[in-house]
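# What the coordinates show
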Amino acid sequence: GLPNVLIESLICGTPVISTDCPSGPSEILGGENSMYLAPCGDSDAIANLVDNFLIFKPEQRVDLDRYKIGFCVSSWEEIAANKLF
């Protein structure tokens, strides 16, 4: 479960909010961006996040370098070299 749509949206500069489900959003929206995560099943929290985006129009900054192909390939090469799988 890598939530590709979150990464794709961030690359396009689209504001992103998500539920904090166990499939990876907190890894993408970690640190100061964790404020854009709502607890699973909490529709009021999601509605508040949407309202805040519409009112305050915050600028999200997320380091997406770890999703670039070169980083991914070198990570897999390191795993293969260390036979960690």
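Structure shown above.
What this report covers is the structure whose coordinates are included nearby. (Residues numbered from 1 in each chain as written. Predicted model: local features only at pLDDT ≥ 70, side-chain atom pairs only at ≥ 80, totals over all residues. Heavy atoms only, no water.)

Let's shift gears to the pattern of salt bridges. Inspection of every chain in the model, using the stated rule, returns 2 salt bridges. Note that D65 is salt-bridged to K68, the shortest N-O span being 3.1 Å. According to the relative accessible area criterion, D65 is partly exposed, its value standing at 42%. (Salt bridge = Lys/Arg side-chain N within 4 Å of Asp/Glu carboxyl O. Buried < 20%, exposed > 50% of the residue type's maximum accessible area, 1.4 Å probe, protein only.)

In terms of backbone geometry, most residues other than glycine have negative phi values and most peptide bonds are trans. Of note in this structure, K57 is not a glycine but carries a positive phi near 45°. Within the element layout of this structure, K57 appears in the loop between helix 3 (43-56) and helix 4 (69-82). (Helix = DSSP H or I, 4+ residues; strand = E, 2+ residues; numbered from the N terminus.)

Time to look at the nonpolar core. L6, I7, L10, V16, I28, L29, Y36, L37, F53 and L64 together form the largest nonpolar core, which totals 10 residues. Here this core takes 3 residues from helix 1 (residues 4-12), the largest share from any one element. When neighbours within four sequence positions are excluded, L6 is seen to be in contact with V16, I17, S18, P25 and I28. (Core = buried A, V, L, I, M, F, W, Y, C linked by side-chain atoms within 4.5 Å. Contact = heavy atoms within 4.5 Å.)

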